[in-house]
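Residues per chain are reported as follows:
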Amino acid sequence: MPDFESVLNYFIDVSIQKAALTGVMVHDYLIDKQDLQRQRITDHFLSECIQICAERDIECDFVPHRGVFNIRIDLRRCRLTFTQSRNFSVAMNRIELDR
């Protein structure tokens, strides 16, 4: 079962790849409860997810009646892992070379 933070990291990685191709720094994603292999989202789990996003400066809101998280990743401000930072640096160099 994928955990919430792993899904966020995957979205960040994809955002970096998209930024290298398009130069766009803000990307929107959707996480469905089925993506997390959950039948329902408990208050405790929701609080943990919101906290994880807040710690990484990632916008997150939950739509209860649909059971989905709306995620907005802004690469200009979100907190990246070391590997993500290295990949982002390479992506930015590609953008500069393409100009």
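Located above this text is the structure these notes cover.
Residues numbered from 1 in each chain as written. Predicted model: local features only at pLDDT ≥ 70, side-chain atom pairs only at ≥ 80, totals over all residues. Heavy atoms only, no water.

A. How the structure looks around the side chain of His27. Structurally, the position occupied by His27 is in strand β1 (residues 26-32). In this structure the side chain of His27 is engaged in a polar contact, spanning 2.9 Å, whose partner is the backbone oxygen of Val24. Excluding residues that lie within four positions of it along the chain, His27 makes contacts with Ser15, Lys18, Ala19, Ile71, Arg72, Ile73 and Leu75. (Helix = DSSP H or I, 4+ residues; strand = E, 2+ residues; numbered from the N terminus. Polar contact = N/O pair within 3.5 Å; in protein donor to acceptor, adjacent residues only side chain to side chain. Contact = heavy atoms within 4.5 Å.)

B. Quick look at the sheet that holds β1. Pairing within the open sheet is antiparallel, and its 3 strands lie in the order β1-β3-β2. Two strands close off the open sheet at either side, each with one partner strand: β1 and β2 (59-63). Going across the sheet, the axis of each strand differs from the next one's by a mean of 15°, ignoring polarity. Alignment of β1 against strand β3 (residues 68-74), held across 7 bridges, turns out to be antiparallel. (Pairing = 2+ DSSP bridges. Axes fitted to C-alpha atoms, helices over the stretch in contact; angles between N-to-C directions.)

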